[in-house]
Amino acid sequence: MSDDEADPELLALLRAHLGLGPRDPTAPPETRVLQSAEYIVDNAVDVALDMIGTRNAATLIYEQMQAKLYSFKKWSEHEMHPKASGPRDVKTLEFVFTVDLLNFCFWPEGEEGFVVEYKGGRWSGYWSLCAALWRALDEGTPITCPDYWHSEDFTFEVLENVFRSATKEPLPLLQERFDFLKQASEVLCKEYDLSLVNLIEDANHSAAGLVNLLADKFACFRDETRFERKTVRLLKRAQIFVADIWAAFEGEGFGRFEDIDKITMFADYRVPQMLHALGALTYSPPLEDAIKRKQEIAPGHSWEVQIRGCSIWCVESIRKLIIRQNPEASVNAILIDYFLYDTVKEIEKNATEEQFPHHRTRSVWY
Ligand SMILES: Nc1nc2c(c(CN[C@H]3C=C[C@H](O)[C@@H]3O)cn2[C@@H]2O[C@H](COP(=O)(O)O)[C@@H](O)[C@H]2O)c(=O)[nH]1
């Protein structure tokens with residue numbers, strides 16, 4: 001419980017006194033990420049939404065998404081993503097869980113960065129993570145199986161080999177990645193008999209419920225921090241895991257969620273980069289200068305939290321603008337986010353980091 005939430009006893013007394021009655025335990029689950037994002041926007045001084053820029057971005061994004069027939073089917077079209085063999089394909093479920101447990105901090109220290117050579121390709125960034133997992137599976141290391149993480153066979157040296165680099169630069173935060181796999185296997189063993197199917201079924205087809213389960217039971221998914229005297233929750237990897245399952249299974253089986261539209265944008269370092277380039281997000285001169293100079297921003301620093309929280313709120317505003325302009329549009333924050341991430345990766349092919357910078361925080365949360 002965050003220390004700024006009222007004591008449950010006191011809350012119950014207050015509700016009774018006000019004639020509100022007890023909190024309804026059957027009320028649908030909420031992640032409270034949007035509330036955190038709104039609080040951050042209301043208290044941010046170095047990051048702001050530009051309403052003209054946001055409106056122009058909404059028009060541009062929707063046009064492009066329509067032109068590209070953008071839907072969750074795009075997810076499986078990526079060469080490095082698994083293709084589910086059916087609505088309850090456990091191997092795909094395990095692959096996605098492993099990816100989103102480790103889906104953080106790929107930006108390079110040096111010039112060449114961490115690179116995985118696999119199937120004739122040289123993969124960097126997020127794709128290097130997927131490529132390394134496929135390579136390990138091809139080599140007979142069951143790196144996506146929770147019971148393997150839980151076994152004595154799985155050592156730090158094994159993970160070093162899984163993530164061996166084609167360059168001199170290793171994958172950042174490797175120890176933290178090893179610790180997360182071990183930690184996750186402990187929780188899965190204690191709560192779910194080491195079965196991800198049991199974890200998914202515990203959420204009873206609620207996206208917000210699954211996000212909250214991950215945040216409550218797994219410290220390695222609890223992406224929360226302090227901002228202006230309150231605890232705010234951004235839950236990026238918990239949310240992108242739910243989104244990736246929804247997309248990988250195309251809304252069926254393990255991917256069927258009644259409330260998938262409660263998932264917000266995933267507060268990483270790529271989508272803010274795009275929102276700023278589109279003029280939807282504006283930065284104060286000191287922050288803009290720090291990002292241009294590639295100055296590292298510490299995890300939990302006010303600048304970092306403002307960028308992440310305002311990005312979530314900005315994508316929410318874009319989603320509402322698109323729906324208002326096109327009531328028949330079937331877009332949600334997930335598809336807008338995926339589209340913006342994929343667009344950043346396209347632009348990055350022809351732009352230098354100087355032209356198109358992103359903020360640099362060494363974080364295990366994104
Ligand atoms: N907001 C958001 N952040 C995302 C993704 C993805 C990949 N999602 C795939 C699934 C569907 C989409 O179509 C994508 O193909 C990775 N990331 C984050 O970016 C950073 C890695 O960047 P780079 O080093 O350049 O690869 C790192 O923080 C990572 O956590 C996304 O979709 N949204």
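- Per an unreviewed UniProt entry, the protein goes by the name Queuosine 5'-phosphate N-glycosylase/hydrolase and belongs to Microthyrium microscopicum.
- In UniProt, the protein has this text filed under Function (unreviewed entry): "Catalyzes the hydrolysis of queuosine 5'-phosphate, releasing the nucleobase queuine (q). Is required for salvage of queuine from exogenous queuosine (Q) that is imported and then converted to queuosine 5'-phosphate intracellularly."
- Turning to the protein, the UniProt annotation filed under Catalytic activity (unreviewed entry) states: "queuosine 5'-phosphate + H2O = queuine + D-ribose 5-phosphate".

1. Points about the packing of helix H11 (residues 207–217) against helix H12 (residues 236–248)
In step 1: At a minimum axis separation of 9 Å, H11 and H12 run at an interaxial angle of 140°. By the angle between their directions, the pair H11 and H12 is classed as oblique. The two elements H11 and H12 meet at a crossing, and its hand is right-handed. Taken together, the residues of H12 that come into contact with H11 (itself represented by Ala-207, Leu-210, Val-211 and Leu-214) are Ala-238, Gln-239, Phe-241 and Val-242.

2. Comments concerning the side chain of Thr-98
In step 1: Within the secondary structure layout, Thr-98 lies in helix H5 (residues 90–101).
In step 2: In this structure Thr-98 comes out as buried when scored by relative accessible area, which is 0%.
In step 3: Residue contacts for Thr-98: discarding those within four places in its chain leaves Leu-133, Ile-143, Thr-144, Trp-149 and Leu-181.

3. Details of the pattern of salt bridges
In step 1: Across all of its chains, the model carries 23 salt bridges by this definition.
In step 2: With a shortest N-O distance of 3.1 Å, Arg-362 and Glu-109 are connected by a salt bridge. Taken together, the residues span a long stretch of sequence, with Arg-362 in the segment after helix H16 (333–348) and Glu-109 in the loop between H5 and strand S2 (116–118) at a distance of 253 residues.
In step 3: A relative accessible area of 18% places Arg-362 in the buried class.
In step 4: Judged by relative accessible area, which is 53%, Glu-109 ranks as exposed.
In step 5: Notably, a salt bridge pairs Lys-349 with Glu-346, separated by 3.0 Å at the nearest N-O pair.
In step 6: Among the residues examined, Lys-349 registers a relative accessible area of 61% and is labelled exposed.
In step 7: Owing to a relative accessible area of 43%, Glu-346 belongs among the partly exposed residues under this scheme.
In step 8: Because the salt bridges share partners, they merge into one network encompassing Lys-190, Glu-191 and Lys-217.

4. Focus: the packing of aromatic side chains
In step 1: For the structure on display, the rule yields 19 aromatic pairs.
In step 2: The interplanar angle of 65° and the centroid separation of 5.8 Å between the aromatic rings of Phe-104 and Phe-180 together place this pair among those described as edge-to-face. Here Phe-104 is found in the loop between H5 and S2, whereas its partner Phe-180 is found in helix H9 (residues 174–192), with 76 residues between them in sequence. Note on accessibility: Phe-104 and Phe-180 belong to one class, buried.
In step 3: The rings of Phe-97, Trp-149, Phe-218, Phe-221 and Phe-241 are connected pair by pair, giving a single aromatic cluster.
In step 4: Over the aromatic face of Tyr-39 sits the side chain of Lys-230, whose NZ or CZ is 5.4 Å from the ring centroid.

5. Side note on helix H6 (residues 125–138)
In step 1: For H6, with 14 residues, the first-to-last C-alpha span of 20 Å sits near the 20 Å given by 1.5 Å per residue.
In step 2: Burial of H6 is extensive: 11 of the 14 residues sit out of reach of the surface.
In step 3: Looking at the buried positions of H6, the neighbouring elements they touch are H5, S2, strand S3 (121–123), helix H8 (156–162) and H16.

Procedures and definitions
Residues numbered from 1 in each chain as written. Predicted model: local features only at pLDDT ≥ 70, side-chain atom pairs only at ≥ 80, totals over all residues. Heavy atoms only, no water. UniProt positions renumbered as here; feature names shortened; annotations may be inferred. Axes fitted to C-alpha atoms, helices over the stretch in contact; angles between N-to-C directions. Helix = DSSP H or I, 4+ residues; strand = E, 2+ residues; numbered from the N terminus. Parallel < 35°, antiparallel > 145°, perpendicular 65-115°, else oblique. Left-handed = near helix turned anticlockwise from the far one by under 90°. Contact = heavy atoms within 4.5 Å. Buried < 20%, exposed > 50% of the residue type's maximum accessible area, 1.4 Å probe, protein only. Salt bridge = Lys/Arg side-chain N within 4 Å of Asp/Glu carboxyl O. Phe/Tyr/Trp six-rings, centres within 6.5 Å; stacked < 30°, edge-to-face > 60°. Lys NZ or Arg CZ within 6 Å of the ring centre and 35° of its normal. Expected span 1.5 Å × (residues − 1).

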